[in-house]
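Structure assessment
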Amino acid sequence: MKKSILAVLAVLAGATSLMSCQNNNAKVISICASELPHAKILNDCLSSIVKEDGYTLSVKVLDWSIQNDAVANGEYDANYFEHVPYLKTYEGTTALYAACKVHYEKLCVYANNTSKKTLWDGAKIELVNDVSNVERALQLLASNNILTINASNYNANKEFANFDVTHPNDGVTFADAYKNCTLTCLKESQLCQSLPDYDFGIIPGNTAMTGLGSDYATRISFGEAPSDELISQKANIITVTKANKDSEKTKELVKACSDPRLGQYISGTFGESVLYHFENGLTTDFLA
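In this report, we go over the structure that sits alongside the text. (Residues numbered from 1 in each chain as written. Predicted model: local features only at pLDDT ≥ 70, side-chain atom pairs only at ≥ 80, totals over all residues. Heavy atoms only, no water.)

1. Digging into the overall build of the protein
- Scanning the protein from terminus to terminus reveals 10 helices and 13 strands.
- The C-alpha extent of the protein, read off along each of the three principal axes, is 95 × 40 × 35 Å.
- Here the protein holds 288 residues, and 45% of them are scored as buried.
- For the protein, long-range pairs separated by at least 24 residues make up 77% of all intrachain contacts whose partners lie at least 6 apart in sequence.
- Surface accessibility of the protein: about 14,300 Å² in total, with carbon and sulfur atoms responsible for 50%. (Helix = DSSP H or I, 4+ residues; strand = E, 2+ residues; numbered from the N terminus. Buried < 20%, exposed > 50% of the residue type's maximum accessible area, 1.4 Å probe, protein only. Contact = heavy atoms within 4.5 Å. Areas by Shrake-Rupley, 256 points an atom, 1.4 Å probe, with all protein chains shown as cover.)

Structure follows, in structure tokens:
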């Protein structure tokens, strides 16, 4: 009789423990992110906002190249590192979804030598090699009258689809004052490490913050003056699986990202290099 009672108590204790664990997990939002500014934003600000609703953020810094797969495989509830054009290039079998837009990072030209930050004729320039970002880099140079982007790079729908990253100089025409400059396209993960081999690098903000050190801003030669349209198009997003887009965890993340305190934190911490920009992906499908 005593053994039967003990067995029942053990089963009940195990069930209670399991239910407690499940309940706890329901209030833990796991999210992978790039180190800067993403993980810093999550840990220093967003975590305290979701805590008010009883949630805990569990943040893991991962290399940007594996974050979409990590979410698609169910290892994390969400990630925070990319913009919508990059998400659209994802070729995994699990459909991903842009839950909301959060911030925009200005694209800047960084000098190898901080005493020579003015671009000169003959300078060697490195830029990223993924098509979703290379057009943005070229537009930055074009807006400063350094080159023009050849019309042949665009298809009949005016999409930037024909640029050859292996021969980038064939896709542009340099202005006379910069006719001896050269472009080289590299993987984003190589840009900071390779900057000593070039005179200038056009490096996405989060990569520059992480790879160039705390004094990265001293290397800035010039940056973009983004339009509202560009900010909306290239704002960094919270990504989830499409199957989880209406989950309570996703709704909580979107709610927290819309909080004005997040905007105040971003502007107060990063100044003009990171711009707060919220748009709700649960009411608008940015991938449509």
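Here the narrative resumes, following the displayed structure.
2. Description of unusual backbone geometry
- Omega for the peptide link from Leu36 to Pro37 comes to -5 degrees, which places this bond in the cis form.
- Its location among the elements puts Pro37 in helix α2 (residues 35–51).
- Although it is not a glycine, Lys158 sits at a positive phi angle of roughly 65 degrees.
- Looking at where Lys158 falls in the secondary structure, it is placed in the loop between β7 (147–149) and β8 (172–174).

3. A short note on the environment of Thr207
- With respect to the helices and strands, the residue Thr207 is situated in helix α7 (residues 205–211).
- Residues Thr207 and Glu159, spaced 48 residues apart in sequence, show a C-alpha to C-alpha distance of 26 Å.
- When sequence neighbours within four positions are dropped, the list of residues in contact with Thr207 reads Glu188, Cys192 and Leu212.

4. Looking at the nonpolar core
- With 42 residues, the main nonpolar core has Leu46, Leu57, Tyr80, Leu212, Ile238 and Leu262 as its most contacted residues.
- Of the residues forming this core, the biggest block, 7 residues, is contributed by α2.
- Counting 25 residues, the second-largest nonpolar core is a separate cluster that includes Ile125, Phe160, Cys181 and Leu183. (Core = buried A, V, L, I, M, F, W, Y, C linked by side-chain atoms within 4.5 Å.)

5. Re the environment of His103
- By the secondary structure assignment, His103 is in strand β4 (residues 96–105).
- His103 sits 176 residues away from Glu279 along the chain, and the two C-alpha atoms are 9.5 Å apart.
- His103 has contacts with Pro37, His38, Ile41, Tyr80, Ala235, Asn236, Ile266, Val274, Leu275, Tyr276 and His277, leaving out every residue within four places of it along the chain.
- In this structure the side chain of His103 is engaged in a polar contact, spanning 2.6 Å, whose partner is the side chain of Tyr80. (Polar contact = N/O pair within 3.5 Å; in protein donor to acceptor, adjacent residues only side chain to side chain.)

6. As for the packing of aromatic side chains
- Throughout the structure, instances matching the rule amount to 6 aromatic pairs.
- Geometrically, the ring pair formed by Phe81 and Tyr86 is edge-to-face, given 6.0 Å between the ring centres and 80 degrees between the ring planes. Summarising the burial analysis for this pair, Phe81 and Tyr86 share the class buried.
- Ring-pair connections join several aromatic residues into one group, and the members of that group are Trp64, Phe81 and Tyr86.
- Lying across the ring of Trp120, Lys116 places its NZ or CZ 4.5 Å from the centre. (Phe/Tyr/Trp six-rings, centres within 6.5 Å; stacked < 30°, edge-to-face > 60°. Lys NZ or Arg CZ within 6 Å of the ring centre and 35° of its normal.)

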